[in-house]
Every structure is written in C-alpha cells, then in structure tokens.
Amino acid sequence: MKRALRLGLVAAALVAVCAAPASAQAHAPVFRTLVIVVAPYLTWQDVSPESTPGLWRMIEHGAVAGAAVRAGSLDPTPDELRGAAVLSAGAPVPAPADDGSGGSALGLLGRAIRAVGGSTAAVGSPARTPDEVAPPDRRPARIVAADTAGIVDYDETGARVLKAAPGTGDGLITDPDVFEVAYREALDAVRKDAGVPGLIVLDPGDPSRARAGSTGSAWESARQAGVATTDAVTRIALRSNPDDAVLIVVSTSQLAIDGPAGFGPVIVYGLGPGVLHSPATRRDGVVTLPDISATALSLLSLEAPDTMTGSVLEVVSAPQDAALRLETMVAQDASARALEAVREPVWFGLIAAAVAVLAAGLSAALFAPGQAAGVLGRALAFALVALCALPAGSLLARVSGQPTDADGAYRTLLVATAVVALVAVVKALRSGPASALAWLAGGTAVAIAADQILGGPAASGGVFSYSLLFGTRFYGLGNEAAALLVGGLLTGVARRVDLFGRTRAVGYLWLGVPAVVVAVLPALGANIGVVAWGGAAVLGAYLRAAGRRLTLRRVAVGVAGAVALDALAAALDTMGGAPSHLGRTLSGGGLWDLVARKLALSWGILITTPVVVLLPIALGAIAYLLVRPKGFLGSVLSTSPGLAAALTGSVTAAFVAVPTEDSGVAVSALVMLFPAAALVVAALERRREPDEPE
C-alpha cells in the first residue's frame, strides 16, 4: 500500500504540473458576411507579387497558415471533394459517395448559418463539358455552402460561369466576367436582410478540371492555369467585398508530382496581418480544415456545433513584411515535406536492418563454432549497439535545424546518428556492449520523456513521431516515439535488475508509471493509447521481475488504474480550452471511426511491407521462449531475470498495441527493438565466455 501511495503521489505531482489552466483566447472581430474561396492544389510556392497579385495583396494585409489537408485521411492526396466535405462538416469526414449519399455530418456549417435566419450562396462550377449537370454533391462550393438538407439560398454552380477555351484539356475555363456578375448577385442574395449572417463560397473550378483531366507533366501546366484562375477569383472578391465582410482563401487539397504533398495555404483577410495560431494544433502557422469551419462561425458570432472538432483560430504577431511571412510558410512546408519523405523509409529500414542483424546475431550465438563465435559475435553486438543509436539520433537531428528537402533530412539524420553511435560504441569498448545498450536504451527513453515535459520540440514532425501532414495529431507523443520510450525504459531497468537483483524490480513501477502518465496527459504526450499497451508492459515487466504471479486481482488493479488515468485525461480535456486528440474525438462522436481507422492502418502496414509480416512470427517465438525457457536462450533468460522481464513487458505491449493504435504494427516492432537487441547481445556475450572471457 505504501508503494502504491508513493506512485500515486508521483502521478499526482505530474498532473499538478501539467494541468495549468489554458490561456484565454482573444476575441476576433465579428463580421456580417463571410466569403470563402476554395483553392484546391494551390501551394505557397505559387504565390508572388507578379503571378498572383490578388493572393499577394491578401498576404500583405492578412494572416497566414498552412492547413493539413489530409485531416487524418488514409489517402495521402484526398481530392477537393473531400476537402469541401471536411469544411462542410467541420470534422474529418469522407467525400460524398458516388451514389449521392453524403452522410449526416455534411451541411453543419450551412445549417448553423441558416438556423439563425442567415443565407448561404455557392458560385463556381467544376463541370468538364458545357452540357454536364454535375450532381449537387460533386460541386465543391455547393458542398461547403449547403445545409444538412442540401439547401443553398443562391446557387450558381452550373455552366453559366464557364466559357469555351479550345486550347485547354477540357475546352472549358471559368469566365471571370460572368463569375463576377454571379458573385455580386450572391452578395445581394445573402445581404438582403440586415443583421443576419451570410456565407458565400467561391470555387474557381479550373483546378478541379486540371485534377480530373491531367496526369504527369501535363498536370503541372494545368495546375498553374488553375492557380491563375484562383487569383482572378480572389481579386473579384477583394474588389467587391463589403466593409463588414471577411475573406478566407483555403486550399482544400494538395497533389505533388514529386514527394509528399504539403500544407494547403490559408489566408484570412480582415483580421490584420500576422500568422494564424490554432489551439487544436498548438502551433503557430499550422491549422486544420475543421479549424476553418469553427473560425467561420465564430467570425459570424455563431456557436459551432458540438460535433465540429476544430478550434477558433487566433492571429499572433509575425513579421510585418509580407515577403518574410511567405518565406516562413514556404520553409515550414518544405521542412514538413522533407520529414514526411524520410519517415517510412527510416521506419522500415530500421526494422529490416534490425531483423537482419538480430537474425545474424542469434545464428552466431547458437551455431557459430569456437573462435568464430567470439570474433563474429563481438562485431554483431557492436553493430546492434550502433543500430539502436538511430532513435536518439533522430531526436538530435530534430533540434539541429529544419531540413529543406529529403536529402537534407537524410544527411542531418545520418550525422546525428553517427554522433550518438560513436558515443555508444566508446561506452561499449569500456564496459561491454550489454552495458552500452542498456545505457543507450535508458537514455533514449529519458530524452523522449524530457522532450515532452519541455513542450516536445524534438517530437514535432520527427521521424519517430507524429506527421504534421497526416494531421491526426500535431503535438505530444507519436505512437512510434511512445514505443521507443516504453521499450527503452524496460531495457534500462532490466540492466539494473540483472546487476543488483530482484529488489530493483520496483524500478519498473517507479519509472514506468510516470512515463505512462507523461505519455497520456493531454498537456504532455496526449497519446491515450499508451494507457492500454504501455500500462500492460509496465505491469507485465514488474510482475515477471519481482517473481509474482499474474492474478485476477492484479489485472483488475491494473485495469482500474488505466481507466482512472483515461478518466483523468478526459476530465483535463473537458476543463482545458484546447482539447487534445481524445477530447476532439469524443466531442465529435467519432470514437468508432477512430478505432476502425487504427485497425485499417495497422493492417495496411502489415501487408504492405514484407519484413513487417515476419513480426507476428517473431513475437510468437519470443512469447513461447518466455513461457517455456529451454535450450541456450532459455539459460540466458534464466540468469537474466531483468532481461526476461523486459521481454515479457515488450511482448505484452506489442500484442496489445495492434488493436489500440493506428500504427500498431510499427509500434509492436519498435517496442521490441531495445529488448530484442539486449537478448541477442546477452546471448553473444554468454556464448563468448568459455573462449574469450570479458
């Protein structure tokens, strides 16, 4: 009981530190009319004073940010229909189905405006032929403006705003003169009654036609023509906007020929110059599409529905010079794309290399004869130590600067990892590979936890952390980093248990429980899934190291603790001004969608990468070895109770993570990295003892 009380006090202290009240949000001016220009496939690199004077004027006098247009989509390049649907619902939703069903979430933005007597309007057509009559839910402007019943007060999304253009792919482009007439008509329609809000959504149309009709090199030419039309529509809105109107240009989708697609530009004209800050992302200059919906209603002095998951954007100070603000946005986009390009190759490269070296190490330990086992085994042990330096190297790389391209990201990662590996190898030469690996694993875990307590500067967009472009999280502890935290902690404590005996088994609780709390609390890691698999890992490792049985009572205590931490996290989300991913999911009623997405992504990773398919086999083999420790490896585990405990905890975490995390397969592999390496290094050192004592 005393031990449990002390652990509770440690957790309570962490909660007290992390549960500071949220800062008050500044109140934005209220407008009567809101105009949204949907600008699919527009990038920051397209904007300049010469080529896009309308957009440039908005940047000079407006606030800017980059939007994560994927908004959690498994498709890396969702189209403009999906982006329009997200704006309409104010939450991550799929595009309207081809059969005409759009889902009950669509239309919340329009309904909130029309429910108070306001009006909505849609202008702009994506039609590809003069006589095409696109269904209502295939017209982006109409999707955004319509209410839940599909009603729009003024609808000019047909062929009237188009004109023939024989040299283009579809032979049609938007006619700016007719478009301006339609826009003025839309203004009259939504402003006919004084004192009620109005929403007008403008769709340039040409970017959608470019996506539908162009591929390869022709895509970039067609896209640039669409950018010119987007700028023309922006200039129409600027010269016709009333004084009490605010204008938002938002890119709802991105498609890159080379590398990952980046952020979608967002420019708000009417709130003054600056950079947009999102409480949902907790970052300056990075917002979500649902944030645009929540902000739109706030600017019209309306409350967002509970199911909208975005936050109201704020304008923060930034360089007054428009060129500097644009340069900041371009650099941010380039860095995010560079990190995204290296993320999965590094993940799976590490897993593949680990599998190869671990297999070679096990083969050497089990089958290599005599002196060969000593020489080869020592080389493989040092190779494992160097390989395990990559996670710490990735943290060092993130704090050393922002990469501008994928090559730069690889170079920075390589140099940083080499520095960490050199330190680890020097340690291995002095005290042996097993000791060096334990220090490296524990140090990596401490560095990850400390980074979260300091605000997560190294985690932001890191290789083993969350993706800024994927857009399901923008702060806290990513799944892969959490796996390295848990696996590193288990391996570090294991070394102390093996050196000083079972009395040190309590270290799994003393260090493991606070680590899980750091990973879960909304103000820190904000990763609720770690409650399940991280808690299971800590409990399993402690019971094995302490020589205690897994009883129903102990399982119940563990489950109760996890539920209590879940409840605490949810309560802190409720009290805070900016809910974490858990809070936004619960408020949006999308818990089942979240679980389904996690399972789908885990399955996709499992079947896409051949090396990862070996993971279930490896986990099963290690689990069997832990239950029935036989042969040479069994003797290694019997003399290393701490290592056996670390493997027990990591295998437990690996099995639990698959259904509870959206990249559960990758989590399962990475949580095993340090403990599995420690097992092989211990086996190699044990194999060398008769011929080459240390």
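Residues numbered from 1 in each chain as written. Predicted model: local features only at pLDDT ≥ 70, side-chain atom pairs only at ≥ 80, totals over all residues. Heavy atoms only, no water.

### So, helix H10 (residues 322–367)
In an α-helix there are 3.6 residues to a turn, and that puts residues three or four apart on one side. Taking 1.5 Å of rise per residue, the 46 residues of H10 would be expected to cover 68 Å, and the 67 Å separating its terminal C-alpha atoms lies within 8% of that figure. Its side-chain oxygen at 3.1 Å from the backbone nitrogen of Ala323, Asp321 defines the N-terminal cap of H10. (Helix = DSSP H or I, 4+ residues; strand = E, 2+ residues; numbered from the N terminus. Expected span 1.5 Å × (residues − 1). Polar contact = N/O pair within 3.5 Å; in protein donor to acceptor, adjacent residues only side chain to side chain.)

### Concerning the environment of Val249
Among the secondary structure elements, Val249 is positioned in strand S8 (residues 245–250). Classification of Val249 as buried rests on a relative accessible area of 1%. Sequence-wise, Val249 and Thr234 are 15 residues apart; in three dimensions their C-alpha atoms are separated by 7.8 Å. Residues within four places of Val249 in sequence aside, it is in contact with Val37, Ala39, Leu42, Leu55, Met58, Thr234, Pro265, Val266 and Ile267. (Buried < 20%, exposed > 50% of the residue type's maximum accessible area, 1.4 Å probe, protein only. Contact = heavy atoms within 4.5 Å.)

### Regarding the packing of aromatic side chains
For the structure shown, the criterion picks out 2 aromatic pairs. For the ring pair Tyr41 and Trp219, a centre distance of 5.3 Å and an interplane angle of 90° mean the geometry is edge-to-face. Separated by 178 residues along the polypeptide, Tyr41 in the loop between strand S1 (33–38) and helix H2 (53–61) and Trp219 in helix H8 (residues 216–240) bring together distant segments of the chain. The pair formed by Tyr41 and Trp219 is uniform in burial state, with each residue classed as buried. (Phe/Tyr/Trp six-rings, centres within 6.5 Å; stacked < 30°, edge-to-face > 60°.)

### What about the packing of H2 against H10?
For any two helices packed against each other, one specifies the inter-axial angle together with the distance between the axes. Running from N to C, H2 and H10 cross one another at 100°; their axes reach a closest spacing of 8 Å. With respect to their mutual orientation, H2 and H10 come out roughly perpendicular. Counted together, Trp56, Ile59, Glu60 and His61 of H2 and Ala322, Ala323, Arg325 and Leu326 of H10 form the full contact between these two elements. When grouped by side-chain class, the residues that make up the contact of H2 with H10 number 5 nonpolar, 1 polar and 2 charged. (Axes fitted to C-alpha atoms, helices over the stretch in contact; angles between N-to-C directions. Parallel < 35°, antiparallel > 145°, perpendicular 65-115°, else oblique. Nonpolar A, V, L, I, M, F, W, Y, C, P; charged D, E, K, R; others polar.)

### With respect to helix H16 (residues 507–520)
Helix length check: H16 (14 residues) gives 20 Å between terminal C-alpha atoms against 20 Å at 1.5 Å per residue, within 8%. For H16, a buried count of 11 out of 14 residues is recorded, marking the element as mostly surrounded by other parts of the structure. For H16, every residue scored as buried is listed here: Gly507, Tyr508, Leu509, Gly512, Pro514, Ala515, Val516, Val517, Val518, Ala519 and Val520.

### Comments concerning the pattern of salt bridges
By the definition in use, this model includes 14 salt bridges. Among the ionic pairs, Arg160 bridges to Glu156, the shortest N-O distance being 2.8 Å. A salt bridge links Asp206 to Arg209; its shortest N-O distance comes to 2.6 Å. One end of the pair is Asp206 and the other is Arg209, both in helix H7 (residues 206–213) and 3 residues apart, which spans about a single turn. Considered together, Asp206 and Arg209 belong to a single accessibility category, that of buried residues. Through salt bridges with shared partners, one network takes in Asp46, Glu220 and Arg223. (Salt bridge = Lys/Arg side-chain N within 4 Å of Asp/Glu carboxyl O.)

### Let's talk about the confidence of the model for the protein
Averaged over all residues, the pLDDT of the protein equals 83, while 84% of them reach at least 70. Here residues 7–27 is a poorly scored stretch, pLDDT under 50, and it has 22 contacts once near neighbours within four places are set aside; other chains count. (pLDDT = per-residue confidence, 0-100.)

### Describing the side chain of Ser125
By the element assignment, Ser125 lies in the loop between strand S3 (119–123) and helix H5 (140–145). Residue class for Ser125 comes out buried when judged on its relative accessible area of 1%. There is a polar contact of 3.1 Å between the side chain of Ser125 and the backbone nitrogen of Ala127. Those residues in contact with Ser125 that sit more than four places away from it in its chain are Thr157, Gly158, Val161, Leu162, Asp203, Gly205 and Arg209.

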